[in-house]
Amino acid sequence: MKVLKATSGIFEDSFIKSLLSKMTIEEKIGQVNQVGTSIYGGKEEHYEKLVRNGSVGSFLSIKEIEKANKLQKVAVEETRLGIPLLFAEDVVHGFLTTFPIPLAESCTWNSELIRKTAEIAAEEAAAAGIHWTFAPMVDVSRDARWGRVAESFGEDTFLTEEFGAAKVTGFQGNLCNGQLDRNRLIACGKHFAAYSEAEAGRDYNTVDLSSYKLANVYLPPFKRLIDEGVLTIMSSFSLLNGIPATTNKKLLIDILREKLSFSGLLISDWNALQETITHGFSKDYEDAVKKAIDCQLDVDMSSLLYLNTLKELIHRQVINESSLDKAVYRLLSLKVKLGLFENPYRSSPEHYATIINKSKEYRETARQVAEESIVLLKNEELLPLKNTDKVGFTGKYLNDHNSMLDTWACKGSAQEIITVAQAVSEKKNKQYFILEDAYNDFKKDRSFKKETINLISKLDKIVVVLGEKATDSGEAKSKAILGIEQDQLEFTKAISTVNPNIIVALMNGRPMIVSTLLPYAKSLVETWHLGCEAGSAILNILEGKINPSGKLTMTFPRHEGQLPIYYNHHHTGRPYQLEKFNTTRYIDISNEPEFQFGFGLSYTNFSIDNMQVSKLKKNSWQVSIDVANLGDRDGQEVVQLYIGAKFGTYARPVKELRDYRKIKLVAKEKKTLCFQIDRDTFAYYDELFNKLVDAGEYLIMIGNSSQIEQKNMTRIEVEE
Ligand code: BGC
């Protein structure tokens, strides 16, 4: 029998309180239990039974509208209070339309596109009955061994803040009277906190770091998400300074709830509550649950510990029912924000069908994002291809549909992916030749067929599509070796002996070590895992229809021994000098990366000159700089502003990105860019996450990568 009435907005608080007052302990516990469908081997009858019993508040991984609505019907019509269910999913880089992986997207340095892809993903996923996405991941990623760098926005805290915020806006939209639009999803910032700092780049490994680093590198993106109104946050799997993040009171109460003022819902990662026992921190299930409730961990994802333990703990007064009420309140509040009490069925199969049709139109955005994600890393005159060029296309990933979908592809099907081979064959260009079997032939006996050699020798250029497969990146995909696979390297070398005009298009989910490949690749294009329009985007770049404008958001190392490597490291007392004994260096390789953060070439040349700083008033400046497109091709440039403190209360990194502009300049055009700088530009955090600004001398540096020319550096003085 139903006791609920639709309600929303200003009635939210009284509505939830009144509902809570009617709920039994069992019903409350059911709400804070999230069930991952794989736990029950995908058996639908089992889910229905759980719902009927009131043992579940939200599901993870139900992606079909019919299934979702069927379960919702059970919740609404066959339970005592008819409380609707929530459906969650990792909608990370698209739902029906697969966009580039987040690391690739971040190389666009285009927050509007990053927002837009989240908005489209939200519309498609919401149509499939999903309410809640476990994205964005805002773990600042500095170690390419960690497979989840693919899901990140790279190594820089400021960019992670910017792009994470863009995603939240795209997923959630602007709440109107506290309500989410029908086409939006609840976002979830994850993984709180410092999950990416896993020792040795090995997923799930121990995290041990100073509060200073936590405050300055890992917390700011979460703060920004919270300021942006993110409704939920997920804690990390790992141990943080000796205590699992899932049950870490300092982290979850002192920092998240108090310092960051997060009042939304906190969910554990998958089975992480149970794993606090494996970590050697919780004694047993009851201990884990008690600790988690003390940390205001609202929802238990898939360990079932809340479901199986909470009642007894409340009964024995180990846990106060009022603590459970807080968690249930937050969960119900999400359901109110989604309008589920008014309309538990936000979508229908008919609505889903209309959205499927739209996905054709969304491929246009997918292509544009993919084009802007591509980073040109090296170009010895081979690119763009000329109309007269006879070009061969080959390589392991030339026609590999799966590898472009990548980690967390939701409903994107491999068949809908345009590979490079397909994009080329659609051109019907008589000058283009697809050598699809060349790689497999070569793998068999390290040689090519005679006709292949003949053809290669007659071509002007060969595009070789190399990289790593989709399943090499993502969760639990840490790697100790980041170089190009031996077979792929040998293949490229063998081609180069017949024809040295090799352009490599690299498809991968992390920075790879390309030093062994570079001697054979006259041009190198980093194409990442680009999603459904990968092939068309890559070909548009190769042909010069689109001028590459992507810039790296993660440093490319020369060797695994340099990891972690990132541009905004600290000074040392003995700064690096290649040949100098007793400086901070390796004796066997240089400290320099292969490609630095912020780097990316274009088919045109840009100059950045004439930096002028004018002081507007105390602690307020305008910095102007001229950017000119010197070539005869239109293009886009990312102009980056870095700061560097000479000294301070704490030693600060050698440089830190603080602003950037992505601008379009037609051939020969020149523009003057203006950046505003004030005291806040120099802010950072102390160990207790209090904001600090040190008076003193700073360098302002502007360039088109993190390597800045001396002429574009100026000193300014920040006053007390
Ligand atoms: C991942 C999370 C993800 C969750 C649910 C976990 O293994 O660490 O990022 O949201 O699974 O799929």
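Residues numbered from 1 in each chain as written. Predicted model: local features only at pLDDT ≥ 70, side-chain atom pairs only at ≥ 80, totals over all residues. Heavy atoms only, no water.

Novice: What's the story with the overall build of the chain in this structure? I'm lost.
Specialist: A tally of helices and strands in the chain yields 20 helices and 25 strands. For 720 residues, the compact-globule formula gives about 27 Å, and the C-alpha radius of gyration of the chain, at 27 Å, lands near that figure. Projected onto the principal axes, the alpha-carbon positions of the chain cover approximately 80 × 65 × 45 Å. Expressed as a percentage of the 720 residues in the chain, the buried residues total 62%. Sequence separation of 24 or more characterises 77% of the internal contacts of the chain that already satisfy a separation of 6 or more. Here the chain displays about 27,600 Å² of accessible surface, and carbon together with sulfur accounts for 49% of that area. (Helix = DSSP H or I, 4+ residues; strand = E, 2+ residues; numbered from the N terminus. Rg over C-alpha atoms; globule rule 2.2 N^0.38 Å. Buried < 20%, exposed > 50% of the residue type's maximum accessible area, 1.4 Å probe, protein only. Contact = heavy atoms within 4.5 Å. Areas by Shrake-Rupley, 256 points an atom, 1.4 Å probe, with all protein chains shown as cover.)

Novice: What is the right way to read the domain arrangement of the chain from this model?
Specialist: Put simply, an interface is often sized by how much accessible area is lost when its parts join up. As far as domains go, the chain holds domain 1 (9-352), domain 2 (360-562) and domain 3 (606-718). Taking only C-alpha atoms into account, the centre of domain 1 sits 36 Å from that of domain 2. Listed per partner, the contact involves 52 residues of domain 1 and 42 residues of domain 2. Summed over both partners, the interface of domain 1 with domain 2 buries about 3,600 Å², with 61% contributed by carbon and sulfur atoms. Of all residues in domain 1, the largest losses of buried area upon contact with domain 2 belong to Thr98, Cys107 and Arg145, amounting jointly to 16% of the total for that side. (Domains from an automatic or database assignment. Buried area = accessible area lost by both parts, 1.4 Å probe.)

Novice: How do you make sense of the environment of Leu334 when you look at a structure like this?
Specialist: Locating Leu334 in the fold gives a position in helix α13 (residues 321-337). Taking the C-alpha atoms as reference, Leu334 lies 8.6 Å from Leu86; in sequence the two are 248 residues apart. Leaving out residues up to four positions away in the same chain, Leu334 has contacts with Leu86, Ile186, Leu231, Thr232 and Leu265.

Novice: Would you explain the packing of helix α16 (residues 420-427) against helix α20 (residues 534-542) in this entry?
Specialist: A packed helix pair is summarised by two numbers, namely the angle formed by the two axes and the spacing between the axes. It is at 7 Å that the axes of α16 and α20 come closest, and there the two elements cross at 65 degrees. Note on packing geometry: the crossing formed by α16 with α20 is right-handed. Residues Val420, Ala423, Val424 and Lys427 of α16 touch α20, and the partners they reach there are Gly535, Ser536, Ile538 and Leu539. Residue composition of the contact of α16 with α20, by class: five nonpolar, two polar and one charged. (Axes fitted to C-alpha atoms, helices over the stretch in contact; angles between N-to-C directions. Left-handed = near helix turned anticlockwise from the far one by under 90°. Nonpolar A, V, L, I, M, F, W, Y, C, P; charged D, E, K, R; others polar.)

Novice: Any chance you could explain the side chain of Asp156 here in plain terms?
Specialist: On the secondary structure map, Asp156 appears in the loop between β4 (132-133) and α7 (157-172). As a buried residue without a salt bridge, Asp156 has its nearest oppositely charged side chain in Arg658, at a separation of 6.7 Å. Polar side-chain contacts of Asp156 include one of 2.9 Å to the backbone nitrogen of Leu159. Non-local contacts of Asp156, meaning those with residues more than four positions away in its chain, are made with Val140, Thr553, Tyr567, Asn568, Phe597 and Leu657. (Lys, Arg positive; Asp, Glu negative; His and termini not counted. Salt bridge = Lys/Arg side-chain N within 4 Å of Asp/Glu carboxyl O. Polar contact = N/O pair within 3.5 Å; in protein donor to acceptor, adjacent residues only side chain to side chain.)

Novice: Please clarify how the nonpolar core should be interpreted in this entry.
Specialist: Burial of nonpolar side chains together is a common tendency in soluble globular proteins. One finds Phe192 and Leu310 to be the most contacted residues of the largest nonpolar core, which totals 93 residues. Among the elements that make up this core, the one with the highest residue count is helix α8 (residues 211-227) (eight residues). When residues of this core are assigned to domains, at least three map to each of domain 1 (9-352) and domain 3 (606-718). Phe192 has contacts with Leu219, Phe222, Ile233, Met234, Ser235, Ser236, Ala245, Leu251, Leu252, Ile255, Leu256 and Leu260, leaving out every residue within four places of it along the chain. The next biggest cluster of nonpolar side chains, apart from the first, holds 86 residues, and it includes Leu482, Val504, Ala521 and Ala537. (Core = buried A, V, L, I, M, F, W, Y, C linked by side-chain atoms within 4.5 Å.)

Novice: Honestly, the packing of helix α14 (residues 349-373) against α20 in this entry has me stumped. Any pointers?
Specialist: Viewed as axis vectors pointing N to C, α14 and α20 meet at an angle of 50 degrees, and their least axial separation amounts to 8 Å. On the basis of the axis angle, α14 is oblique to α20. Judged by the twist between their axes, the crossing of α14 over α20 is right-handed. Between α14 and α20, the contacting residues are Arg367, Ala370 and Glu371 on the first element and Ser536, Ala537, Asn540 and Ile541 on the second. Here the residues of the contact of α14 with α20 sort into three nonpolar, two polar and two charged. (Parallel < 35°, antiparallel > 145°, perpendicular 65-115°, else oblique.)

Novice: I keep staring at the sheet that holds strand β17 (residues 606-617) and nothing clicks. Help me out?
Specialist: Consider a sheet: its strands pair through backbone hydrogen bonds, and that pairing is either parallel or antiparallel. Reading across the sheet, the three strands line up as β17-β18-β21 and stay open at both edges, with antiparallel pairing between neighbours. At either end of the open sheet lies a strand with only one pairing partner, and these are β17 and β21 (670-678). Here the average twist between neighbouring strands, direction ignored, is 20 degrees. By the bridge criterion, nine bridges tie β17 to strand β18 (residues 620-629) in an arrangement that is antiparallel. Across the sheet, Ser607 pairs through a bridge with Ala628, a residue of β18. (Pairing = 2+ DSSP bridges.)

Novice: Can you walk me through the sheet that holds strand β5 (residues 188-192) in this structure?
Specialist: Taken together, the three strands give an open sheet; going across it, the order is β5-β6-β9, and neighbouring strands pair in parallel fashion. Strands at the two margins of the open sheet, each flanked by one partner only, are β5 and β9 (265-267). Each adjacent strand pair in this sheet contributes to an overall mean axis angle of 25 degrees, direction not counted. Relative to β9, strand β6 (residues 232-235) runs parallel, the two being bridged by three bridges. Note on β9: the bridge partner recorded for Ile233 is Leu266. Its contacts with the sheet place helix α9 (residues 249-259) against β5, β6 and β9, and it is angled at close to 140 degrees to β5.

Novice: For this particular structure, what's the right way to read the environment of Gly644?
Specialist: For Gly644, the position within the fold is in strand β19 (residues 635-645). By relative accessible area, Gly644 is classed as buried at 9%. Sequence separation of Gly644 and Phe682 is 38 residues, and the distance between their C-alpha atoms is 8.8 Å. Once residues lying within four places of it in the same chain are set aside, the contact partners of Gly644 are Val654, Lys655, Glu697, Tyr698, Leu699 and Met701.

Novice: Explain unusual backbone geometry here, please?
Specialist: The bulk of non-glycine residues show a negative phi, and the bulk of peptide bonds are trans. Ala135 connects to Pro136 through a cis peptide bond whose omega is 5 degrees. In this structure, the amide linkage connecting Lys190 to the following residue, His191, adopts the cis form with an omega of 0 degrees. You can see His191 is positioned in strand β5. Here the phi dihedral of Ser261 falls at roughly 50 degrees; this positive angle occurs in a residue that is not glycine. The backbone phi angle of Phe689 is positive, close to 65 degrees, even though this residue is not glycine. Residue classification places Phe689 among the buried positions, given a relative accessible area of 7%.

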